[in-house]
Amino acid sequence: MREIGEEQIFSWAPNPAAVANARKIKAKGGFTELFRLEDESLYWGKCQGSGKSSYDVSVDFSGGAEPVFRCSCPSRQFPCKHCLALLCEIAAGAAFTIGRIPEEIEEKRKKREASAVKKAEKERRAEKDTGGGAAAKKKTRNSAARKKTEKQLEGLLLLKQLITSLLTNGLASLNGVSLKQYRELAKQLGDYYLPGPLVGLKRLIRAMELCQETGDEKYYQEAVKILIRLQALEKKSTEYLRKRQDSGEEGWENTILFEELGGIWKRSQLEELGCEKEDVRLVQLSFRVYYDEARKEYVDEGYWADVDTGEISVTRNYRPLRALQHVKQEDSCFSLVKAPNMVYYPGEGNRRIRWEGESRETLTPDVCRKLRDRAWRSIPEVVKAVKNRIKNILSEDEEGILLAFDGIGKIEEEENICYFVKDKEGNALRLQDLPGQEGAVEMLKWLPDGGILKEQVLFGKLYYEPESGHMCLAPFSILTEEQIIRLLY
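Residues numbered from 1 in each chain as written. Predicted model: local features only at pLDDT ≥ 70, side-chain atom pairs only at ≥ 80, totals over all residues. Heavy atoms only, no water.

Quick look at the overall build of the chain
In step 1: Of the regular secondary structure elements, the chain holds 12 helices and 17 strands.
In step 2: Referenced to the eigenvectors of the C-alpha coordinate spread, the extents of the chain come out at roughly 75 × 70 × 40 Å.
In step 3: Here the chain holds 489 residues, and the buried ones make up 44% of them.
In step 4: For the chain, the exposed surface amounts to about 27300 Å²; the carbon and sulfur share of it is 48%. (Helix = DSSP H or I, 4+ residues; strand = E, 2+ residues; numbered from the N terminus. Buried < 20%, exposed > 50% of the residue type's maximum accessible area, 1.4 Å probe, protein only. Areas by Shrake-Rupley, 256 points an atom, 1.4 Å probe, with all protein chains shown as cover.)

Laid out in structure tokens, this is it:
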């Protein structure tokens, strides 16, 4: 029988409620017939619906890791609760009778295969086509790209003027009236194909609003930081776009500036740049959901470790408020994920990744040990490496790492208990939660086994703490030889 875990079912489900309804169908014995092919590429059956007739339900695995779901019910959910109930039967090891593939499914398989061949042939012809049609399309695309670049440069000039004004008059000049004026000016950046700088300016305005509302100095410091970043983004982006304009290049470049300006990478573009890997094994180390006020969207963020290289990457699923009902929310994953093909975004440190199609397996001690072997052993070495990356103004302010530690201890400091982590050489690093994020340091004292705080591997985010002038580590999970213990989520 094909092995399917509960997490795998949740990953295919449109929402948790659909899985709950599927379990009810299984518990009530909703399936009157269950069949499968001998090669286990197809499972199907008849499920009793709300009416007199049964629904024809099938799950077809012949297309790869991502199955094809089919059901004769009128539900608009995909996959529907009946298909999920069939997966639950497979996961529970129910008795499936080996049968012959139904004619209608065989026909649909043939149509799908023919469609795939047709698509491949179309792509092949498009690659071979060097005639006037292809040349005309390319000319049109290049012309549109040039016009967009010109418009972006106009917008960056406007941004430069705004930044110069703020640097001349000071951030304190952003009071009630001027804040309203700057909000109106910020909207104009959207007309110049600059959604990235627009979001940055919104963050700046919001930080100054909070500074005036609360009187808290930290918001002023945050505004200064954002302003410096905006200045660097304007300067580097202007140089980048002018260089492309002068050279006449219209292709894609392996640079973070494309996304910083607000561009959205397509999978085909990343593949064209060679930013892809095959047969990847990934383990999620942490997961959180947060709301981005400037972008007006929820972000599902997961940090993942590549079992074979130890590289730490990040996934981000953006769910705008205006489209919440149309974008599926991601969730924590506690299994080993196998992806046949993965693409990664330009950048350094924890690069963003995404993949299509996956299979999930139980996380074994062998995988845990392999990840532990790929952890940093020296605190000074990892701090130096991360420092060199995050000092770039356009880089992330923190970086996720795996650190092998000798022990985690605590000391009393001005009536507060402070935690620290030590490596084998006795080098120490302060454990401190990231500002503005839910804390996990306090969770350390609730761990049931004191041995977990000795000779293990810690996943956390290294960041620079300006108040103390030192690098700190925000802990998220502890990796033992048998499991991953999450301090959050």
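And the narrative resumes.
Description of the pattern of salt bridges
In step 1: Counted according to the given criterion, the structure contains 31 salt bridges.
In step 2: Overlapping salt bridges, with partners in common, bring together Arg288, Glu301, Arg316, Glu396 and Lys461 in one network. (Salt bridge = Lys/Arg side-chain N within 4 Å of Asp/Glu carboxyl O.)

What to know about empty space enclosed by the protein
In step 1: The final tally for this structure, using the stated rule, is 2 cavities of 30 Å³ or more.
In step 2: As a volume, the largest cavity reaches approximately 50 Å³.
In step 3: Forming the boundary of the largest cavity are Lys277, Leu282, Asp306, Glu311, Ser313, Met342, Tyr344, Arg351 and Ile353.
In step 4: For the lining of the largest cavity, a count of residues per class yields 4 nonpolar, 1 polar and 4 charged. (1 Å grid on protein atoms, 1.4 Å probe; cavity = no way out; pocket = protein on both sides within 12 Å on 5 of 7 lines; lining within 4 Å. Points joined across faces, edges and corners; volume = space filled by probe spheres on them. Nonpolar A, V, L, I, M, F, W, Y, C, P; charged D, E, K, R; others polar.)

Quick notes on the packing of aromatic side chains
In step 1: Inspection of the entire model under this criterion finds 11 aromatic pairs.
In step 2: For the ring pair Phe35 and Trp44, a centre distance of 5.6 Å and an interplane angle of 20 degrees mean the geometry is stacked.
In step 3: Residue placement shows Arg2 over the ring face of Phe61; its charged tip is 4.0 Å from the ring centre.
In step 4: Across from the ring centre of Tyr318, 4.7 Å away, lies the NZ or CZ of Arg295, which sits over that ring. (Phe/Tyr/Trp six-rings, centres within 6.5 Å; stacked < 30°, edge-to-face > 60°. Lys NZ or Arg CZ within 6 Å of the ring centre and 35° of its normal.)

What about helix H2 (residues 16-27)?
In step 1: With 12 residues, H2 should reach 16 Å at 1.5 Å per residue; the first-to-last C-alpha distance of 17 Å fits that figure.
In step 2: Turning to H2, its buried residues are Ala18, Val19, Ala22 and Ile25. Burial along H2 is one-sided: seen end-on, the buried residues are contained in an arc of 115 degrees. Turned more than 90 degrees away from the buried face of H2, the exposed residues are Pro16, Lys24 and Ala27.
In step 3: Against the buried residues of H2 lie helix H1 (6-12), strand E2 (42-48) and helix H3 (81-91).
In step 4: Capping the start of H2 is the job of one residue whose side-chain oxygen sits 3.3 Å from the backbone nitrogen of Ala17: Asn15. (Expected span 1.5 Å × (residues − 1). Arc of directions from axis to C-beta. Contact = heavy atoms within 4.5 Å. Polar contact = N/O pair within 3.5 Å; in protein donor to acceptor, adjacent residues only side chain to side chain.)

Here we look at the nonpolar core
In step 1: In terms of nonpolar packing, the biggest core is built from 32 residues, with Leu166, Leu171, Leu174, Leu189, Leu201 and Leu204 touching the most fellow members.
In step 2: Broken down by secondary-structure element, the contributors of at least two residues to this core are helix H5 (132-169), helix H6 (176-189), helix H7 (195-214) and helix H8 (217-247).
In step 3: Per-element tally for this core: the top contributor is H8, with 8 residues.
In step 4: Once residues within four sequence positions are removed from consideration, Leu201 is found in contact with Leu162, Ala186, Leu189 and Leu230.
In step 5: Ile4, Ala18, Val19 and Leu84 belong to the second largest nonpolar core, which has 28 residues in total. (Core = buried A, V, L, I, M, F, W, Y, C linked by side-chain atoms within 4.5 Å.)

Quick word on unusual backbone geometry
In step 1: Between Phe78 and Pro79 the backbone carries a cis peptide bond, its omega angle lying at -10 degrees.
In step 2: On the secondary structure map, Pro79 appears in the loop between strand E4 (68-71) and H3.
In step 3: In this model, Glu40 sits at a positive phi of 65 degrees, which is unusual for a non-glycine residue.
In step 4: At Glu455, a position not held by glycine, the phi torsion is positive, near 50 degrees.
In step 5: Relative to the assigned elements, Glu455 resides in strand E15 (residues 454-465).
In step 6: Taking the relative accessible area as the measure of exposure, Glu455 reaches 48% and is therefore partly exposed.

A word on helix H12 (residues 379-390)
In step 1: Taking 1.5 Å of rise per residue, the 12 residues of H12 would be expected to cover 16 Å, and the 16 Å separating its terminal C-alpha atoms lies within 8% of that figure.
In step 2: For H12, the complete set of buried residues consists of Ile379, Val382, Val383, Ala385, Val386 and Ile390. What you see down the axis of H12 is that its buried residues fit within an arc of 165 degrees, all on one side. Facing away from the buried side of H12 by over 90 degrees, the exposed positions are Glu381 and Lys384.
In step 3: Residues of H12 that are buried in the fold lie against strand E12 (398-413), strand E13 (416-422), strand E14 (428-431), E15 and strand E16 (470-479).

Structural notes on the packing of H2 against H3
In step 1: The N-to-C vectors of H2 and H3 enclose an angle of 60 degrees; their axes lie 8 Å apart at closest approach. Judged by the inter-axis angle, H2 sits oblique to H3. Once H2 is placed against H3, the crossing between them reads as right-handed. Touching Ala18, Val19, Asn21, Ala22, Arg23, Ile25 and Lys26 of H2 are Lys81, His82, Leu84, Ala85, Cys88 and Glu89, all from H3.
In step 2: By residue class, the composition of the contact of H2 with H3 is 7 nonpolar, 2 polar and 4 charged. (Axes fitted to C-alpha atoms, helices over the stretch in contact; angles between N-to-C directions. Parallel < 35°, antiparallel > 145°, perpendicular 65-115°, else oblique. Left-handed = near helix turned anticlockwise from the far one by under 90°.)

Let's talk about the pairing of E13
In step 1: For E12 and E13, the ladder comprises 7 bridges, and the chain directions are antiparallel. The partner of Gly409 across the bridge, within E13, is Phe420.
In step 2: The antiparallel hairpin formed by E13 and E14 contains 5 residues in its connecting segment, where Gly426 sits at a positive phi of about 90 degrees. (Pairing = 2+ DSSP bridges.)

Considerations on the side chain of Asp423
In step 1: If you trace the backbone, Asp423 turns up in the loop between E13 and E14.
In step 2: Salt bridges are absent for the buried Asp423, whose nearest opposite-charge side chain, Lys422, sits at 8.5 Å.
In step 3: Among the polar contacts made by the side chain of Asp423, one reaches the main-chain amide nitrogen of Ile379 at a distance of 3.0 Å.
In step 4: Side-chain polar atoms of Asp423 contact the backbone nitrogen of Asn427, separated by 2.8 Å. (Lys, Arg positive; Asp, Glu negative; His and termini not counted.)

Regarding the packing of H7 against H8
In step 1: Two numbers describe how H7 lies on H8: the axes approach to 8 Å, and their chain directions differ by 160 degrees. Taken together, the axes of H7 and H8 lie roughly antiparallel to each other. Here H7 and H8 pass one another in a crossing that is left-handed. Contact residues: H7 offers Pro197, Gly200, Leu201, Arg203, Leu204, Ala207, Met208, Leu210, Cys211 and Thr214, while H8 offers Tyr219, Tyr220, Glu222, Ala223, Ile226, Leu227, Leu230 and Leu233.
In step 2: Residues of the contact of H7 with H8, tallied by class, amount to 14 nonpolar, 2 polar and 2 charged.

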